[in-house]
Amino acid sequence: MPNAVPSTGDTELDQAVQLWLQYDKNPKTVSMVNDLLKDGAVEALKKCFSSRMEFGTAGLRAAMGPGTACMNDLTIIQTTQGFCCYLEQTFGNLKERGVVIGYDARAHPPSGGSSKRFASLAAAVFTSRGVPVHLFSDITPTPFVPFTVSHLSLCAGIMVTASHNPKQDNGYKVYWENGAQIVSPHDKGISKAIEENLEPWPESWNAEEALKSPLLKDPYQDVHTQYFKAIQKLCHYRDINKSSEVKIVHTSVHGVGHTFVQSAFKAFDLPPPYAVEEQKDPDPEFPTVKYPNPEEGEGVLTLSFALAEREGASVVLANDPDADRLAVAEKQESGQWRVFSGNELGALLGWWLFSCWKNQNPEAARLKTIYMLSSTVSSKILRAIALKEGFHFEETLTGFKWMGNRAKDLMDQGNAVLFAFEEAIGYMCCNSVLDKDGVSAAAIAGEMVSYLATKNKSLSQKLSAIYEEYGYHISKNSYFICHDQKVIQSLFERLRNFSGKPDSYPSECGRFSISAVRDLTTGYDSNQPDNKAVLPISRSSQMITFTFSNGGVATMRTSGTEPKIKYYTELCAAPGNSDVTHLKKELDDLVKAIIENFFEPAKNKLQPKPE
């Protein structure tokens, strides 16, 4: 540490920087901080040091770089020390059972940070305390970590990934012993333990030594074998797959998915999908896309469509960089490509998984133990299918942490959870992974496409048939970008005090009458006899759902990982009402009214989703 650290003129900031330089042993981040000090770049230093990344149920996610607000060697060590202490307090047998650590291919050369480096530092922290670590020797899809927790009965799992975030970001995602993501109060307990263990332990920096530790095991081969064995129980039409002539293109968008999706297709005896050459190998620069997020639709899929045209393929599958999400597109008769929304793919996969189950279990009595789940902002199509077919449907809060934990509870009670999904292209088709999994979903989608081809049906035709049978569910989801927390706060507070009094929510929106309001930030629900919401509430995030008299539902919520205010709208029609043009216009009008009356983008200076 330099003898005299230049002052920024801000005592608190000076203290934070000095402590940092005392603890940090990464020459690149030390040099970056010293350069900022020399240049007197106070604002840049404040950005790096004025706050500590908040550890929530989604773990951590932030840009890689120096300082307490960023992902770097030191913050990874501090986080892991806290997590390790919390696990020591919780599990008496942590040293017998151990943990698993996986990572994606992200890297940030300027700060020397990378997912692999962060994973090996996390391993060093655990082995220094005598805790066995199953550290993957190579990049792995996120779903392999929860699979390993369950498969090896470990205490916890860590996945170092920022999923589909921009290239400069990284993240630290945590799984509990049940194989699902953590929920409260674990996040609070871990957060407190991090604050109590900020000074690096002597061995925490010894990543190279840790790699030689006898406590370190590589689960890669075993997990690879067992995972592809586990998903084969969802393969129902092997003969059709073997002779399938359907051509499918797959892109892993510069992430980890390529080899794993090829293996999944092989496990199902499907012909290998054509890989998008420019995107199949991991590249932390994501050079061919603006955002490495297949949810953003066509821009990410341009190269996939070009390859499909060359090869005569009719379907494109795309994973996000950590392969826990799946997007699907299909060429239409018009020659145009249709990218299915997360809700539409949820309808197709839900129908498919139930149909396959029903073929194998014709006796109606078994239906009593069958469940499907989706999050509260996702389409209600599974509810409609469940009502008609006689199985159970449950809604959870947004995010797979809720669906994974609920699925585990239901399974422990002797039930079977066939499927869970969220509109953000996340699908849990195989209960060996209690989280979204884009690898198994890709193989299952491949088999569904091959099966439908034998009936001369496309995915689009099947989707229309599902809506004809169970009722049209038309949705429209998007978001506004807002970096100002005060604006977000006042926007939601205005909706809570619409007529000037507390809990006086709007009764109409433009020409649309509102029949019910549920606010999961405050716990208000006008549909309940005591006005108290049944689902858990979270005061740290904003979320209000409006139900309209015309069958429409709209949820406005903040994102936990991005500066966005999102909206999710859906119009649910009864079976038989198939005037799609009218339904779409009605939903478009409803969305316009919500934007104009509730978001007020001009007044609140909100940026629309970039096209």
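Looking up the protein in an unreviewed UniProt entry gives the name Phosphoglucomutase 2, with the organism given as Oryzias melastigma.

### Here's the deal with the UniProt feature "domain: Alpha-D-phosphohexomutase alpha/beta/alpha" (unreviewed entry) in the protein
In this numbering, the UniProt entry assigns the feature "domain: Alpha-D-phosphohexomutase alpha/beta/alpha" (unreviewed entry) to residues 53-198, 226-331 and 342-470. Along residues 53-198, the helical share is 37% and the strand share 19%, with 13 Å between the first and last C-alpha atoms. Between the end C-alpha atoms of residues 342-470 the distance is 18 Å, and the span holds 54% helix and 16% strand.

### Side note on the domain arrangement of the protein
Partitioning the protein into domains gives domain 1 (11-217), domain 2 (220-470) and domain 3 (472-608). Computed over C-alpha atoms, the centres of domain 1 and domain 2 are 31 Å apart. Each partner contributes residues to the interface: domain 1 has 34 residues there, and domain 2 has 35 residues. Interface of domain 1 and domain 2: buried area, both sides summed, is about 2,900 Å²; carbon and sulfur atoms make up 66% of it. Summed over the three residues of domain 1 that lose the most area to domain 2, namely F144, F147 and H164, the buried surface amounts to 23% of that side. Where domain 1 touches domain 2, the interface holds 3 salt bridges. Measuring nitrogen to oxygen at the nearest pair gives 3.5 Å for the salt bridge that ties K173 to D435. Run the count over domain 1 and domain 2 and you get 13 residue pairs in polar contact (both at pLDDT 80 or more). Of all elements in the fold, only α7 (144-151) and β7 (169-175) reach the threshold of two or more residues within the side of domain 1 that touches domain 2. The element that contributes the greatest number of residues to the side of domain 1 that touches domain 2 is α7, accounting for 6 residues.

### Side note on the packing of aromatic side chains
A full pass over the atoms with the stated rule returns 28 aromatic pairs. Residues F147 and Y227 carry aromatic rings whose centres are separated by 5.6 Å and whose planes lie at 80 degrees to one another, so their mutual orientation is edge-to-face. One end of the pair, F147, is in helix α7; the other, Y227, is in helix α10 (residues 220-231), and 80 residues separate them in sequence. A relative accessible area of 1% means that Y227 is categorised as buried. Aromatic pair F546 and F598: ring centres 4.9 Å apart, planes at 40 degrees, arrangement tilted.

### Structural notes on the nonpolar core
Grouped together as the largest cluster of nonpolar side chains are 181 residues, with contacts concentrated most on F83, F126, F419 and Y427. Y371, M403, A407 and L410 belong to the second-largest nonpolar core, a separate cluster that totals 11 residues.

### Remarks on the sheet that holds strand β10 (residues 274-275)
Strand order in the open sheet made by the 5 strands is β10-β9-β11-β12-β13, with mixed pairing throughout. A single partner strand is all that each edge strand has here, and the edge strands are β10 and β13 (337-339). Where strand β9 (residues 248-251) and strand β11 (residues 315-319) come together, 4 bridges link them in parallel fashion. Opposite T251, over in β11, you have A318 as the bridge partner.

Reading guide: rules and limits
Residues numbered from 1 in each chain as written. Predicted model: local features only at pLDDT ≥ 70, side-chain atom pairs only at ≥ 80, totals over all residues. Heavy atoms only, no water. UniProt positions renumbered as here; feature names shortened; annotations may be inferred. Helix = DSSP H or I, 4+ residues; strand = E, 2+ residues; numbered from the N terminus. Domains from an automatic or database assignment. Contact = heavy atoms within 4.5 Å. Buried area = accessible area lost by both parts, 1.4 Å probe. Salt bridge = Lys/Arg side-chain N within 4 Å of Asp/Glu carboxyl O. Polar contact = N/O pair within 3.5 Å; in protein donor to acceptor, adjacent residues only side chain to side chain. Phe/Tyr/Trp six-rings, centres within 6.5 Å; stacked < 30°, edge-to-face > 60°. Buried < 20%, exposed > 50% of the residue type's maximum accessible area, 1.4 Å probe, protein only. Core = buried A, V, L, I, M, F, W, Y, C linked by side-chain atoms within 4.5 Å. Pairing = 2+ DSSP bridges.

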